[in-house]
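Breakdown of the fold
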Amino acid sequence: MEISKEQFKKEYNRALTSLYATEVHDLTPLEQYITLGSVVKEYTAQNWMQTKREYQQNQAKQVYYFSIEFLPGKLLKSNLLNLGILDTVREGLADLGVDFTHLEEVESDQGLGNGGLGRLAACFMDSMATCDVPGNGNGIRYRHGLFRQKFVNGYQVELPDNWLRHENVWETRRENKAETVRFYGQVHLEENEEGQIVPTYRNTQDVLAVPYDTAMTGYENDTVNNLRLWSAEIPASAEVDYSSEGMRKSIHNISDMLYPDDSSYDGRMLRLKQEYFFVSAGVQSILRYYRKLGVPMEHLAENISIHINDTHPTMCIPELMRLLLDEEGLTWEAAWAITMKTCSYTNHTIMAEALEKWPEHMVAELVPRIYQIICEINRRHIESMTLLYGAQFTWRTSIIQDGIIHMAHLAIIGSHSINGVAKLHTEILKEKALHDFYLAFPARFNNKTNGITHRRWLLLSNEGLSDLISDYIGTEWKKKPNELYLLKAFKEDSVLLDKLEQVKLDNKMRLAEYVKETMGIEIDPHAVFDVQIKRLHAYKRQLLNVLHILSLYLKLKEGPTPEQEMVPRVFIFGAKAAPSYSYAKEIIKLINAVADLINNDTSINNKIKVVFVENYGVTLAEKIIPAADISEQISLVTKEASGTSNMKLMLNGAITLATLDGANVEIRDKVGDENMLLFGMQEAELYHFYDSHSYHSHDIYNHNPRLKRCLDALVDGTIPNIEAEGQEIFDSLLKYNDEYFVLKDYDSYVAAQSRIDSLYTDRKKWNQMSLLNIAHAGEFSSDYTIMHYADEIWNVHHNKNL
Ligand code: 26Q
């Protein structure tokens, strides 16, 4: 949009008069922020309405992205960037004596997600709006997002995330768009006068789902899509008595908090309730919109696409069936054909413990009509498959097995498309995890490698680098991020390489200041900043990282060796552990204990520092990533479906130290082996160990004195205050045979690590590697990912050429 600085100042002043009836210098930063938010919201409102009108008038096919998590972070700066008024607003505020950075700081993170999956959903919302894809997000407005993490004596403590304490300026409550969601009770099928089977419900517990909408602005294109998050409220019904405390509480609880587990499912009724709550409200509201269009129900799939982000929204399938059967009066066959054509599903994990399974009796009790429909879907599936493939094969694909409902099976059977999130992950789905389904429905399987929005992860978070890039290749790359490859032409340009180094150094100095202020730890910006930021999980192997740190430390302590000449290293960790995941919490304690030991040992002359930032999330990532030299992507091969921090770090010029897992494979394909640091087992070797049961971690312990010394340090008092944790971790590696092959990959990890020093010392070489990583990272923009979804799965419009 076009707006002059003077006009903006006028509008800002008007807004603060109307909101607070005072002068700007009388406002707190929070009030100044709220004022700015209300001005920006007004700017987007016109485009928001216009976009909605256009979609309706053109009867454009719409995508509904169902996700139980959305993790957008802060919205102020990204909205300003997308509107094209970031600089105008910054300057206008400065004229008024307001520092924009102070306003940014007071905004709370919208942290309604655990990690990769929720952040991916947010990147996709950004890219859908930017690519003019008519896309809608559908999720839950949790009153509390992911917990706030604190360390007390090195242990993780979880505090509630009260992100709605202050007004949320970005949302709009729409009471007139509320839907009713039915739980429990009994359902009876009866024939009506027209011979149709209709259900009657008794003793249900009804919940009112009230939507809160947030504008998702596209980048300089005037498109504004909608993110709709549902809040559970007590219905104003005369028939049921909602006055009991228990009843009110049980309704209130549905949208009270985000489950903090991201890799093991928790079979609690409340979780299932959350799932059906946002699914039912969302699908009902889609059909309400669709009926208004006046197009026959038979054409639903030509106008609507429902995307199921992991299995959590799988009940979209039986819920759509329910509405088509019970409310629209369609036959089963017609309803099923529409449902399959409408729904598509993304798988984000192959880890067995993360695959959702629900006891049949729980589903039957909570959502009896949905249960009936699932049973009928399964009955028909079994019937048709048995004829083709025989009973045994068919049974393996059954939705219900031994009283358990397998959500992934339901999602696959009810969708026309099933995708994995990186090449290797999709191959594993097809060949291993979902092989039977792949044999039965090969055409449904496809790969869509994840992506990230380069707007948040470069333009917004690394302005120094963005400006430098534009100085050399112009600004086209902002809209066509693959043009970053033009940087390759400057590989030998020492002026650019020096400037690149300077930008990185500036970012490192900023991070160092933050670390000093918040943690009291001094770090040297000239040290190598080695970064591992992601959820804490055994398969991601933060343990491998800390064991290497420990071995470096022990070596330094042993006396003068070539390592004494090492380039100083700062190891930076950011990670939350699920509160119930005690092993992950023990690793946190270990890292903190090692950090304490090393940071306070003056004899090593500051060669190593270990920084474990508290409360890692989107906003901290935006501070850390621009300052990273090394990107640690060290999961056990086959376990990380894709990873996305790998892409963000690469885009900011970090060198990837990685196993060939998830999207690291695609990163290697683009930058080449010589521009990253690869190590570790590959897929075939791992499967060989699985098949032959020939892995014995004890043998490695016994034959590798350096590693043995390091592991013994966990239990012999070398590291103070970790008696219990040290022993548990030691046992996991030796007594329980090291499930994630940490010891197996240890030597090759140490070897890769030891290459860093000499590479880093050759500044030109290092800067060239960094430049090449940036040059190839544009191809990981989620704009491209979204266009592939639009073309190959959703069959919807987008505005760009691939
Ligand atoms: C399910 C049921 C009950 C409770 C919790 C859950 C649950 C919640 C969140 C299960 C899984 C998640 C999140 C998973 C996740 O973030 N997966 C990551 O998805 C990224 C985007 O595709 C990938 O890049 C990562 O590799 C993958 O780990």
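Residues numbered from 1 in each chain as written. Predicted model: local features only at pLDDT ≥ 70, side-chain atom pairs only at ≥ 80, totals over all residues. Heavy atoms only, no water.

1. Quick look at the overall build of the chain
A tally of regular secondary structure across the chain gives 32 helices and 25 strands. For the chain, whose C-alpha radius of gyration is 27 Å, the value lies close to the compact-globule estimate of 28 Å for 802 residues. Along the first, second and third principal axes, the C-alpha atoms of the chain reach 95 × 70 × 55 Å. By residue count, 62% of the 802 residues in the chain fall in the buried class. Put simply, 76% of the contacts in the chain that link residues at least 6 apart link residues at least 24 apart. When the accessible area of the chain is evaluated, it comes to approximately 30700 Å², of which 49% is carbon and sulfur surface. In the chain, 82 positive and 111 negative side-chain charges are present, and the distance between their average locations comes to 1 Å. (Helix = DSSP H or I, 4+ residues; strand = E, 2+ residues; numbered from the N terminus. Rg over C-alpha atoms; globule rule 2.2 N^0.38 Å. Buried < 20%, exposed > 50% of the residue type's maximum accessible area, 1.4 Å probe, protein only. Contact = heavy atoms within 4.5 Å. Areas by Shrake-Rupley, 256 points an atom, 1.4 Å probe, with all protein chains shown as cover. Lys, Arg positive; Asp, Glu negative; His and termini not counted. Charge placed at Lys NZ, Arg CZ, Asp CG, Glu CD.)

2. Brief notes about the environment of Lys74
Topologically, Lys74 is positioned in the loop between β2 (70-73) and α3 (76-83). Expressed as a C-alpha distance, the spacing of Lys74 and Ala527, which sit 453 residues apart in the sequence, is 30 Å. Excluding residues within four positions of it along the chain, Lys74 makes contact with Glu104, Glu105, Glu107, Ser108, Asp109, Arg456 and Thr619. Polar contacts involving the side chain of Lys74 include one to the main-chain carbonyl oxygen of Glu105, which spans 3.3 Å. A polar contact of 3.1 Å, which involves the side chain of Lys74, links it to the backbone oxygen of Glu107. (Polar contact = N/O pair within 3.5 Å; in protein donor to acceptor, adjacent residues only side chain to side chain.)

3. Quick look at the pairing of strand β21 (residues 569-574)
Moving residue by residue along a regular strand, the side chains alternate between the two faces of the sheet. In terms of burial, β21 is a largely internal element, six of the six residues being buried. As defined by bridge partners, strand β20 (residues 528-533) adjoins β21 across six bridges and the pair is classed as parallel. Within β21, the residue paired with Ile533 across the bridge is Gly574. As judged from the six bridges shared by β21 and strand β22 (residues 608-613), these two strands associate in the parallel manner. What sits directly across from Gly574, in β22, is Val613. The parallel pair β21 and β22, bridged by helix α22 (residues 582-599), forms a crossover whose chirality is right-handed. (Pairing = 2+ DSSP bridges. Right-handed = clockwise from strand over helix to strand, strands pointing away.)

4. Some points on the packing of aromatic side chains
Geometrically, a pair of aromatic rings is defined through the distance of the ring centres and the angle of the planes. Enumeration over the complete set of coordinates arrives at 19 aromatic pairs. When the ring of Tyr438 is compared with that of Phe445, the centres are 5.5 Å apart and the planes differ by 85°; the resulting orientation is edge-to-face. Seen in terms of ring centroids, Tyr472 and Phe490 are 5.1 Å apart; in terms of plane orientation they differ by 80°. Their pairing is edge-to-face. Of this pair, Tyr472 sits in helix α19 (residues 463-473) while Phe490 is found in the loop between α19 and α20 (494-519), placing the two residues 18 residues apart along the sequence. On the basis of relative accessible area, Phe490 is assigned to the partly exposed category, the value being 21%. Within the aromatic cluster, the residues linked to one another by ring pairs are Tyr687, Phe689, Tyr690, Tyr695 and Phe741. When the ring centre of Tyr155 is taken as reference, the NZ or CZ atom of Lys589 above it lies at 4.5 Å. (Phe/Tyr/Trp six-rings, centres within 6.5 Å; stacked < 30°, edge-to-face > 60°. Lys NZ or Arg CZ within 6 Å of the ring centre and 35° of its normal.)

5. Overview of the site of the ligand
The local shell around the ligand holds 19 residues, among which Leu117, His348, Asn450, Glu640 and Gly643 are the closest. Here Ser642 contributes a backbone N or O atom positioned 3.0 Å from an oxygen atom of the ligand. Here an oxygen atom of the ligand and a backbone polar atom of Gly643 are 2.8 Å apart. Within the complex, the protein chains bury 95% of what would otherwise be the 610 Å² of accessible surface of the ligand. Looking at the shell around the ligand residue by residue, the classes come out as six nonpolar, six polar and seven charged. Viewed by domain, the shell around the ligand spans two of them, domain 2 (59-74 + 109-450 + 786-794) and domain 3 (494-682 + 746-777), each represented by three or more residues. (Near = heavy atom within 4 Å. Nonpolar A, V, L, I, M, F, W, Y, C, P; charged D, E, K, R; others polar. Domains from an automatic or database assignment.)

6. A closer look at the domain arrangement of the chain
By domain assignment, the chain separates into domain 1 (1-58 + 75-108), domain 2 (59-74 + 109-450 + 786-794) and domain 3 (494-682 + 746-777). Summarising the inter-unit geometry, the C-alpha centres of domain 1 and domain 3 are found 37 Å apart.

7. With respect to the environment of Asn378
For Asn378, the location among the structural elements is in helix α13 (residues 368-389). Overall, the relative accessible area of 7% leaves Asn378 in the buried class. Here the alpha-carbon distance between Asn378 and Glu476, two residues 98 residues apart in the chain, equals 51 Å. Once you skip the residues sitting within four places of it in the chain, Asn378 turns out to touch Ser398, Ile399 and Ile400. Polar contacts involving the side chain of Asn378 include one to the main-chain amide nitrogen of Ile399, which spans 2.9 Å.

8. Some words on the sheet that holds strand β17 (residues 404-406)
Judged by pairing direction, the sheet is antiparallel, and its three strands sit side by side in the order β15-β17-β16 without closing on themselves. Each edge of the open sheet is held by one strand with a lone partner, namely β15 (357-359) and β16 (400-401). Bridge count for β16 against β17 is two bridges, and the pairing is antiparallel. Bridge assignment links Gln401 to a residue of β17, and that residue is Ile404.

9. Some thoughts on the pattern of salt bridges
Under the defined criterion, the tally for this structure stands at 47 salt bridges. Between Asp669 and Arg668 there is a salt bridge whose closest N-O contact spans 3.5 Å. What you see here is one network of salt bridges that share partners, running through Glu333, Glu376, Arg379, Arg380 and Glu383. (Salt bridge = Lys/Arg side-chain N within 4 Å of Asp/Glu carboxyl O.)

10. Regarding the nonpolar core
Membership of the largest hydrophobic core comes to 105 residues, with the highest contact counts inside it found for Phe66, Phe183, Phe277, Ile306, Ile377 and Trp794. The biggest single contributor to this core is helix α8 (residues 269-293), with 13 residues. (Core = buried A, V, L, I, M, F, W, Y, C linked by side-chain atoms within 4.5 Å.)

11. Remarks on the state of the cysteines
Within this structure, the stated rule accounts for zero disulfides. Here Cys131 is not cross-linked by a disulfide; its sulfur's nearest cysteine counterpart is in Cys123, at 12 Å. Here Cys316 stays free of any disulfide, with the sulfur of Cys343 as its closest cysteine sulfur at 6.2 Å. Taking the relative accessible area as the measure of exposure, Cys316 reaches 0% and is therefore buried. (Disulfide = S-S within 2.5 Å.)

12. Examining the sheet that holds β20
Read across the open sheet, the six strands follow the order β22-β21-β20-β23-β24-β25; overall the sheet is parallel. Each edge of the open sheet carries a strand with a single partner, namely β22 and β25 (677-678). Where β20 and strand β23 (residues 630-633) come together, two bridges link them in parallel fashion. Counterpart to Asp530 in the pairing with β23 is Ile630. Each of β23 and β24 (655-658) touches helix α31 (residues 763-777); the most contacted strand, β24, lies at about 85° to it. (Axes fitted to C-alpha atoms, helices over the stretch in contact; angles between N-to-C directions.)

13. A word on helix α30 (residues 742-761)
Compared with an ideal rise of 1.5 Å per residue, which puts 20 residues at 28 Å, α30 spans 29 Å between its outermost C-alpha atoms and is within 8% of the ideal. Where α30 bends most, at Ser748, the angle is about 30°. Where α30 is concerned, the buried positions are Val742, Leu743, Asp745, Tyr746, Tyr749, Val750, Ala752, Gln753, Ile756, Leu759 and Tyr760. (Expected span 1.5 Å × (residues − 1). Bend = angle between axes of the 7 residues up to and from the residue.)

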